[in-house]
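What the coordinates show
Residues per chain, in single letters:
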Amino acid sequence: MNITHLECANCHLEHEARRLLNLCSECGKPLLVRYDLARAGQTLTKESLADRRADLWRYREVLPVESDENVVSLGEGWTPLLRAGNLGKQIGFDELYIKDESQNPTQSFKARGMSTAVSMAKELGAKKLAVPSAGNAAGALAAYAARAGLECFIFMPRDTPRANVVECEQTGAHVTLMDGLITDCGAEVGRRKESEGWFDVSTLKEPYRVEGKKTLGYELAEQLNWELPDVIIYPTGGGTGLIGMWKAFNEMEALGWIGSKRPRMVTVQATGCAPIVRAFETGKRFADEFADAATVASGLRVPKAIGDFLILDALRESGGTAIAVTDEELIAATREIGAAEGIFCAPEGAACLPALRKMVEQGAVETSERVVLFNTGAGVKYLEAFGG
Ligand SMILES: Cc1ncc(COP(=O)(O)O)c(C=O)c1O
Ligand SMILES: [Zn+2]
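Since this is a predicted model, take the numbers as computed values, not measurements.

Comments concerning the packing of helix 3 (residues 110–123) against helix 4 (residues 136–148)
The N-to-C vectors of helix 3 and helix 4 enclose an angle of 40 degrees; their axes lie 9 Å apart at closest approach. Between helix 3 and helix 4, the angle falls in the class oblique. Between helix 3 and helix 4 lies a crossing of right-handed hand. Where helix 3 abuts helix 4, its residues Lys-110, Ala-111, Met-114, Ser-115, Val-118 and Lys-122 lie against Asn-136, Ala-137, Ala-140, Leu-141, Tyr-144, Ala-145 and Ala-148.

Here is the structure:
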């Protein structure tokens with residue numbers, strides 16, 4: 001076990017690692033896991049990866065969980081990084097890739113974070129887990145909680161895609177649908193968790209989901225032979241994946257695996273809910289809550305993210321940007337990517353394509369650059385959005 005401590009991402013106060021904790025006891029911001037990377041690097045080497053398991057636990061030394069017995073896995077991670085040759089040709093890019101996260105258990109990248117978070121919750125003795133969700137995180141939590149033998153309580157907006165509700169029910173979760181947004185669901189979990197004995201596994205309100213998500217960064221590097229892309233476009237709600245990748249890049253540099261060069265990190269959001277884009281454009285480090293949030297890309301309907309400053313720091317430090325696209329654009333892009341590459345993207349993932357087009361128009365990317373789009377989930381879960 002290489003964890004040294006938990007560190008507040010905002011005030012840097014150290015917290016003890018082997019306890020069930022949520023936010024910083026001092027400032028209420030997210031806690032991040034810190035490792036003894038010199039120690040981790042003694043066994044975790046690039047060469048050692050060749051014959052390791054084909055899931056995210058291949059990076060075992062930089063993941064939490066002390067005992068292998070507590071690892072709760074359904075085969076998450078190590079998804080393909082697909083060259084998008086046809087689509088690339090259509091839009092003039094030679095080196096366009098899609099990281100296809102729809103191939104995870106429960107068909108979205110949320111499986112990564114829930115695998116590590118549920119494993120840790122189990123190891124540290126939690127019995128009941130609760131989460132507010134836009135849909136895919138709920139489906140993932142329900143599955144991993146079932147596998148861990150833990151009870152889980154899920155709160156979703158009433159208009160969450162039906163597939164997400166059904167998958168939670170069929171994997172044994174307690175599901176509550178609420179009038180309102182994910183923030184209202186989060187407030188309900190916050191109000192009741194103490195009296196109900198729930199451990200809150202909301203995005204970035206516990207330290208371990210981001211650890212699973214950071215493996216996106218390790219995988220990208222490994223799959224591109226340790227040369228990171230020039231640009232990463234990521235559909236951003238709570239931002240865990242982007243924050244996780246940024247953390248992974250710093251860890252990999254400390255491990256001596258990559259240099260100091262970073263990809264330009266790009267957030268894409270829907271125009272109907274674009275708090276990070278607005279904060280980026282107005283030079284703020286903390287985003288204002290986005291009023292009347294609405295988009296069919298339900299994972300992007302996050303009007304206020306607790307990790308906003310971490311997202312915005314990464315965008316700015318990397319020389320990246322933040323772009324909003326309309327629902328019409330992201331729905332049209334789903335069909336375009338599907339027809340060109342055979343990948344039926346979640347609307348959130350499809351949003352990366354119109355974002356890339358806007359970057360070209362703005363002169364924010366060259367067509368000779370290596371670009372990775374993140375397809376974070378499966379289109380088949382969103383039949384309503386496609387008229388199904
Ligand atoms: C398919 C999909 N893409 C993107 C997101 C946003 O992810 P994050 O909260 O890590 O920014 C979500 C979140 O629900 C999602 O379900
Ligand atoms: Zn703090």
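A word on the layout of surface pockets
By volume, the largest pocket is sized at about 590 Å³. Looking at the largest pocket, it is lined by 38 residues, and the ones nearest its centre are Ile-182, Thr-203, Gly-237, Gly-238 and Val-302. Of all the elements in the fold, those that place two or more residues in the lining of the largest pocket are helix 4, helix 6 (182–196) and strand 10 (231–235). For the lining of the largest pocket, the element with the most residues is helix 6, which contributes three residues. In terms of residue class, the lining of the largest pocket is made up of 15 nonpolar, 16 polar and seven charged. Counting residues per element, the ones that place at least two in the lining of the second largest pocket are strand 3 (31–35), helix 8 (240–254) and helix 10 (308–317). Looking at the lining of the second largest pocket, the element that brings in the most residues is helix 8, giving five residues. Of the residues contributing to the lining of the second largest pocket, the split by class is nine nonpolar, three polar and seven charged.

Regarding the coordination of the zinc ion (ligand 2)
Around the zinc ion (ligand 2), the donor atoms from the protein are Cys-8 (SG), Cys-11 (SG), Cys-24 (SG) and Cys-27 (SG), and they sit 2.3 Å away. Here the zinc ion (ligand 2) is ringed by four donor atoms whose angles at the metal span 97 to 119 degrees, and the overall shape comes out tetrahedral. Each donor residue of the zinc ion (ligand 2) lies on one chain, and together they are spaced C-x2-C-x12-C-x2-C. Here Cys-11 is found in the loop between strand 1 (3–8) and strand 2 (14–15), whereas its partner Cys-24 is found in the loop between strand 2 and strand 3, with 13 residues between them in sequence. With a relative accessible area of 33%, Cys-11 lands in the partly exposed category.

Scoring rules and cut-offs
Residues numbered from 1 in each chain as written. Chains lettered and ligands numbered in written order. Predicted model: local features only at pLDDT ≥ 70, side-chain atom pairs only at ≥ 80, totals over all residues. Heavy atoms only, no water. Axes fitted to C-alpha atoms, helices over the stretch in contact; angles between N-to-C directions. Helix = DSSP H or I, 4+ residues; strand = E, 2+ residues; numbered from the N terminus. Parallel < 35°, antiparallel > 145°, perpendicular 65-115°, else oblique. Left-handed = near helix turned anticlockwise from the far one by under 90°. Contact = heavy atoms within 4.5 Å. 1 Å grid on protein atoms, 1.4 Å probe; cavity = no way out; pocket = protein on both sides within 12 Å on 5 of 7 lines; lining within 4 Å. Points joined across faces, edges and corners; volume = space filled by probe spheres on them. Nonpolar A, V, L, I, M, F, W, Y, C, P; charged D, E, K, R; others polar. Donors = N, O, S within 2.8 Å, 3.2 Å for Na, K, Ca; no water. Tetrahedral: all angles 85-135°; square planar, octahedral: opposite > 155°, others 65-115°. Buried < 20%, exposed > 50% of the residue type's maximum accessible area, 1.4 Å probe, protein only.

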